Amino acid sequence: MKQILTWSFLLCSLFIQAQTVADNTEIADNTEIAGNTDRADSIDARNRRKDPFYIQLYGGINKSANENLPWTEFSGYPWSGGGFLALGREITPLWGWRAALRINHNKSRNVQECESKDVYGWNSLSLFGDATFDVTDVVRRKAMTKKNSRFNVKAFAGIGVAYTWKFDKVPLSYTHAYSRSSRLVPTMRLGVNATYRLSDRWRIGAELSQSLFTDRFNGVAYDAPLDGRTNLKVGVTLLLAKKKKVVKPVIRLNKLKESPTMMMATPAPEDTKMRHIEGHAFLDFPVNETVIYPNYRKNPEELTRIHKSIDSVMFDKAVSITRITLHGYASPESPYSNNTRLAKGRTESLKSYLIRKYNFSPQLFQTEFTPEDWENLKGFLIDSKTRKVKGDFWYDNKDYIETPEMPDYVHQHQDELLRIIGKDMDPDTKEELLKKVGGGEPYRWLLEHVYPGLRHTDYIIEYKIRAFSVEQGRKLIYTHPEALSLEEMFKVAASYKERSDNWLDALLIAVETYPDDEDANLNAANGCVMTGRLVDAKKYLQKAGNSRQAKYIGDVIQAMEGNGKWKVENGKVIIEE
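Here the structure is a predicted model, which is why all the values come from computation and not from measurement.

**Student:** Would you explain the sheet that holds strand 11 (residues 365-370) in this entry?
**Tutor:** The pairing of strands in a sheet comes from backbone hydrogen bonds and takes either a parallel or an antiparallel form. The strand order across the open sheet formed by four strands is 9-14-10-11, and the pairing between neighbours is mixed. If you trace the sheet from one side to the other, it starts and ends with strand 9 (273-281) and strand 11, each paired once. Across the sheet, the axes of successive neighbouring strands diverge by a mean angle of 15°, strand direction being ignored. Judged from the nine bridges that link them, strand 9 and strand 14 (residues 457-465) form a sheet pairing that is antiparallel. Directly across from A281, in strand 14, lies its bridge partner T457.

Spelled out as structure tokens, the structure:
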């Protein structure tokens, strides 16, 4: 065992010395590295690379190292052979893992304590889990080389199990009992693997390892618990990562270092700041009832959502709600006359509830109702994959999870269902026809999963907001940006130091609140250019219109990226054709 460890150490040292010589030669030609810490760190990061997934296929020879067999007789050990297939990967630049499936034919020459001098043969199939350590990356880091060496050395150690079988019928001992039965035994090993890179994907290499089995099949007098095998294998390694395209950096010396101060667009004032908020309420009612029970089924959650909508509008005492529109819908599974009563009555119930809750004037409300929501039923069948649900209800709001997927037995009758829904006929007759499609199964699924979402009340809250001072706007821009006009947001931005964080925040919040406004996009592009965020600037510039100011921002971006010829005259960038 000591001799094998010595071999491993010598082989590892040989590759380390070769690598160090190559690295030091490279350093001699690049002496500027020694005096530049940043460059050294960059080289260190580049040289300590992680290997991707790799597959190894190796074959070769192995020699026995039976217990108590003197190392002086190693040359006389019998030869045998085998191979292995391995899959591995580096988790960090230094450490990795490897799983190896090995098969070997082993031959053992008896020791002096045995009565027979014959050779004893047997087979083993073993599976190992190895921990690998990249010796080359350690050397490259210490040498601070930028050279990409073709050599790589990894040390490894692992544990596993081996299945032994097909023992030769050679008597090794006449005085000590031993077993030649096939069995599963624990095993361990260590060694080094050295490879040479042929290309970006392929490597050739050699591996020297020592495997130790726990056995009772050698028949030696001392009955030692371990049997060793020295393995020398050669083979190929295939890296599974796709070859990366080498993109040479484009070095541009002609770049504008800092953008000049640019003119901002001044948004027009908003005469009357009118706003509105929309939502859907899916209230539960007992069968055929129109009274709202706040604690019934999902009503606490639905009413809370309505409260939050109204409370978000009334963040300021000066906010004036001008109108609340309620539009109630019922699902079409009952007689049309009853659904008319339910849709109208439940809409009025929600109106009465809000009047009591917030002390609203009845004149504030506008109520509408649709007895049966055929349009949304049709919309669901046409575009079911994009519909949204919460629990068993489907919504249009993007924040809710998707509806249950339409089963095949509904999808097969989709066209027939849509044809019936589109007919201009008595609603109750239409409902009866739907019940007969596909033996009634599609209707029952719709009744359970889609109809609950058709019983809803849509609401629109319209309100008017007063004008705010710059000091008030500084707070509201982070809490209620929708309350500020674009002009007010611009004044908030102008109140901060140009190019400061708050200044840029105000410009970006403005464009998020008014994403389609050209002035908002133009000012956001300006802000991003002046703070060096060119990628964002180009995004906002796409929606900033075709004004001279927008074109000038494009010219400044071109100069800062170093594209083409440019000059600065009187503090203004000019692109030279």
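After that view, the rundown keeps rolling.
**Student:** Teacher, can you tell me more about the layout of surface pockets here?
**Tutor:** Any empty space left between the atoms is revealed when a probe the size of a water molecule rolls over them. Taken as a whole, the second largest pocket encloses approximately 560 Å³ of empty space. Lining of the second largest pocket is provided by 29 residues; of these, D284, F285, E333, R346 and R455 occupy positions nearest its centre. Those elements that provide at least two residues to the lining of the second largest pocket are strand 10 (320-329) and helix 5 (336-358). By residue number, the principal contributor to the lining of the second largest pocket is helix 5, which donates five residues. Considering only residue class, the lining of the second largest pocket consists of 13 nonpolar, eight polar and eight charged.

**Student:** In this structure, what is going on with the pairing of strand 5 (residues 151-165)? I would like to understand it.
**Tutor:** Each regular strand carries side chains that alternate between the two faces of the sheet. The pairing of strand 4 (residues 119-134) with strand 5 spans twelve bridges and is antiparallel. The residue of strand 5 that forms the bridge with T132 is F156. Bridge analysis of strand 5 against strand 6 (residues 183-197) gives 14 bridges, and the strand direction is antiparallel. When the sheet's bridge partners are listed, A157 is paired in strand 6 with L190.

**Student:** Help me understand the packing of aromatic side chains in this model?
**Tutor:** Each aromatic ring pair is described using two quantities: the centre-to-centre distance and the angle formed by the ring planes. All chains considered together, the criterion is met by nine aromatic pairs. Ring geometry for Y163 against W165: centres 5.8 Å apart, planes inclined by 20°, an arrangement best described as stacked. Classification of W165 by relative accessible area gives partly exposed; the value is 26%. Ring-pair connections join several aromatic residues into one group, and the members of that group are Y358, F360 and F365. A cation over a ring is seen here: R189 above F128, with NZ or CZ 4.7 Å from the ring centre. In this structure, R474 is placed above the aromatic ring of Y496, and the distance from its NZ or CZ to the ring centre is 4.1 Å.

Each value, and the rule that gives it
- Residues numbered from 1 in each chain as written.
- Predicted model: local features only at pLDDT ≥ 70, side-chain atom pairs only at ≥ 80, totals over all residues.
- Heavy atoms only, no water.
- Pairing = 2+ DSSP bridges.
- Helix = DSSP H or I, 4+ residues; strand = E, 2+ residues; numbered from the N terminus.
- Axes fitted to C-alpha atoms, helices over the stretch in contact; angles between N-to-C directions.
- 1 Å grid on protein atoms, 1.4 Å probe; cavity = no way out; pocket = protein on both sides within 12 Å on 5 of 7 lines; lining within 4 Å.
- Points joined across faces, edges and corners; volume = space filled by probe spheres on them.
- Nonpolar A, V, L, I, M, F, W, Y, C, P; charged D, E, K, R; others polar.
- Phe/Tyr/Trp six-rings, centres within 6.5 Å; stacked < 30°, edge-to-face > 60°.
- Buried < 20%, exposed > 50% of the residue type's maximum accessible area, 1.4 Å probe, protein only.
- Lys NZ or Arg CZ within 6 Å of the ring centre and 35° of its normal.

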